[in-house]
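# Descriptive structure summary
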Amino acid sequence: MNPTKQTPIDYQIVNKTIRKSGLESIGKASIREIVKLVNDIESDTGEQFIRMEMGVPGLEPPKAAIDGEIEALKNGVASEYPMIDGIEPLKYEISRFIDNFINISVKPEGCLPTVGAMQASFAAFMVSSRRNSAKDTTLFIDPGFPVQKDQHKVLGLKYESFDVYNFRGDKLRDKLESYLKKGNISTILYSNPNNPSWICLNEKELKIIGELATKYDAIVLEDLAYFGMDFRHDISEPGEPPYQPTVANYTDNYVLLISSSKCFSLAGERVGMMAISDSLFYRKFPELKQYFPSEGFGYSMIYGALYSLSAGANHSAQYGLLEVLKAVNEGRYNFVEGVREYAERAKAMKQLFLKYGFELVYAKDKDQPVSDGFYFTISFPGMEGSELLEELIYYGISAITLDITGSERTEGLRACVSQVSLNQMDDLEYRLQRFQEDHLKSVYIKRRISESLNACYRTGYVSL
Ligand SMILES: Cc1ncc(COP(=O)(O)O)c(C=O)c1O
């Protein structure tokens, strides 16, 4: 970056703020560190960014949720501890929701409100990884949500991972089995739709995962943070197909992690859901007794993990979630329509990025183009992801690198559409156009240099 060059966001200020942030590398920065950096640049320059770094729902929450929570507060729940495993009507409504929209049956007993899907995964890792000391490692089917790896670091747990993009369909079986047959995998985690690539595992792949989880006694944590948001299939009709695809059709070894943050725009309430399969809930693992008050998986989850983490989820937020679930279960509120706008934003944004020389990194979902949803992934020819992210910040555009998501595609960035409104498209276009003008030339020169060097090595003019 040439310091004298004009960039849409003042070069000197951006440069100073990056240095002041103390971040060792922008490319390795966590989502929240990028959020902080961009907040600082926005406040120092007075310029608004195209903010694509964090999955904050940019939509209004459903009225039923707000009303339900206010009513509960007025009724005095704020002063009362909720039961750790959740208020009875909510447990029932979660079970009904799973029946209506996933078409599987989980008893209310195993349906637990949690402090976001974030806490649900933390608690699930705690229990699942301690049921058998020989199985001490989680397998992430990546790319994935970086914080779940941070949870492993905090808990001192081991993990392995692979990027699923080149192992779709039948290829998934051998790849997965190559890890599972070593015998050390306690837990398999993936998100579907996938954060960040937005690929969606299909029935065949879920069947492979389910069958192998049963064969090798691994527990699948199916992260449904983007429930119903593969907009190609409208699952919004209660009790009618199509349903949210799930591994639960193929194994009993599952825990579903369901976020209310995205599909119900309730991120601020920090209330999510965990559903433990009926058979896993009652299964006994003698080694759990070393850490928890019981050998039972479900009992350990509630009176061991969730108790020690937060002793339950926010009481009034449970009532808010209850009301929205009732509304969707009774067909009074269509939650998929409520968030479909994300697909429109993704379509418009992708078009602009492609117009100005960017490429989609995870471009295909098996043999189809990746659909429009909450995230998409981009790269710019000749640049690594960390370099691209840093450069884009001078143009008022923020994202995160794919590097921190377990992706093999280190040239890429994850772009989240949720905080970008359609009326920012002109700004985005102007900034991308400027970016292309300023960078295509240097990319061209870099390419020519590398081509000439390669030619020299080939012809022996230069020896290594
Ligand atoms: C894949 C994935 N899992 C879990 C979460 C956390 O969800 P919650 O807000 O319910 O804690 C997110 C949030 O972005 C996510 O993308």
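Residues numbered from 1 in each chain as written. Predicted model: local features only at pLDDT ≥ 70, side-chain atom pairs only at ≥ 80, totals over all residues. Heavy atoms only, no water.

### Observations regarding the site of the ligand
Stated precisely, the cut-off is as follows: A molecule or strand has a residue near it when one of that residue's heavy atoms lies within 4 Å. Polar contact is defined as a pair of N or O atoms within 3.5 Å, subject to the rule that within protein one atom must be able to donate a hydrogen and the other to accept it, and that residues adjacent in sequence are counted only when both atoms are side-chain atoms. Methods summary: accessible areas were calculated by the Shrake-Rupley approach with a probe of 1.4 Å, and residue burial reflects only the protein chains presented. In DSSP terms, a helix is any run of H or I states spanning at least four residues, a strand is any run of E spanning at least two, and both are numbered starting from the N terminus.
Around the ligand, a shell composed of 14 residues is seen, among which Asp223, Tyr226, Ser259, Ser261 and Lys262 lie nearest. At a separation of 2.8 Å, an oxygen atom of the ligand approaches a polar side-chain atom of Asn195. Between Asp223 and the ligand, the recorded distance is 2.6 Å, taken from a side-chain N or O atom to a nitrogen atom. Taken by itself the ligand offers 390 Å² of open surface, and the protein chains cover 93% of this. In terms of residue count, helix H5 (residues 116-128) provides more of the shell around the ligand than any other element does, three residues in total.

### Some details on the domain arrangement of the chain
Quick note on the threshold: What marks off one domain from the next here is an automatic or database domain assignment. The contact rule is simple, with two residues in contact once any of their heavy atoms fall within 4.5 Å. Computed with a 1.4 Å rolling probe, the buried area is the accessible surface lost when two parts are put together, summed over both parts. The working definition used for a salt bridge is a side-chain nitrogen of Lys or Arg within 4 Å of a carboxyl oxygen of Asp or Glu. Residues are grouped as follows: Ala, Val, Leu, Ile, Met, Phe, Trp, Tyr, Cys and Pro are nonpolar; Asp, Glu, Lys and Arg are charged; every other residue, Gly included, is polar.
In terms of domains, the chain is made up of domain 1 (11-48 + 340-459) and domain 2 (63-329). Computed over C-alpha atoms, the centres of domain 1 and domain 2 are 31 Å apart. In this assembly, 27 residues from domain 1 lie in contact with 27 residues from domain 2. Taken as a group, Tyr362, Lys366 and Tyr375 account for 25% of the area that domain 1 buries against domain 2, more than any other trio of residues on that side. Our enumeration of links across domain 1 and domain 2 arrives at three salt bridges. The partner of Asp234 in a salt bridge is Arg340, and the shortest N-O contact between them spans 3.9 Å. Inspection of the region where domain 1 meets domain 2 yields eleven residue pairs in polar contact (both at pLDDT 80 or more). Of all the secondary-structure elements, those providing two or more residues to the side of domain 1 that touches domain 2 are helix H13 (341-355), strand S10 (364-365), strand S11 (368-369) and strand S12 (375-379). Per-class residue counts for the side of domain 1 that touches domain 2 are twelve nonpolar, seven polar and eight charged.

### A look at the pattern of salt bridges
The condition is simple: Each residue gets one of three labels from its accessible area relative to the maximum for its type: buried under 20%, exposed over 50%, partly exposed in between, using a 1.4 Å probe on protein chains only.
Scanning the entire structure with this criterion turns up 29 salt bridges. With a closest N to O distance of 2.4 Å, Glu93 and Arg96 form a salt bridge. Remark: Arg96 and Glu93 occur in helix H4 (residues 88-102); sequence separation between them is three residues, near one turn of the helix. The class of Arg96 is partly exposed, set by a relative accessible area of 24%.

### Focus: the sheet that holds strand S7 (residues 254-259)
Operational definition: Here a strand pair is declared whenever DSSP counts at least two bridges between the two strands. What counts as an axis is a line fitted to C-alpha atoms, over the stretch in contact for a helix, and the angles between N-to-C directions run from 0 to 180 degrees.
Spatially, seven strands are ordered S2-S8-S7-S6-S5-S3-S4 in an open sheet, and the strand pairing comes out mixed. The sheet is open, and its two borders are formed by strand S2 (111-114) and strand S4 (158-163), each paired with just one other strand. Pairwise comparison of adjacent strand axes, ignoring direction, gives a mean angle of 20° for this sheet. When S7 meets strand S8 (residues 272-276), the two strands line up antiparallel, connected through five bridges. Across the sheet, the residue bridging to Leu256 is Ala275, located in S8. Helix H6 (residues 146-155) contacts strand S3 (137-142), S4, strand S5 (185-191) and strand S6 (219-224) of the sheet and is inclined by roughly 165° relative to S3.

### Remarks on a nonpolar patch on the surface
Applied cut-off: Like-charged residues within 9 Å of one another, or nonpolar side chains (Val, Leu, Ile, Met, Phe, Trp, Tyr) within 5 Å, are grouped into patches, provided each residue has over 30% relative accessible area and no salt bridge.
There is a patch of nonpolar side chains on the surface, built from Tyr299, Tyr303 and Tyr307 and spanning about 330 Å² of accessible area. Residue classification places Tyr299 among the partly exposed positions, given a relative accessible area of 43%.

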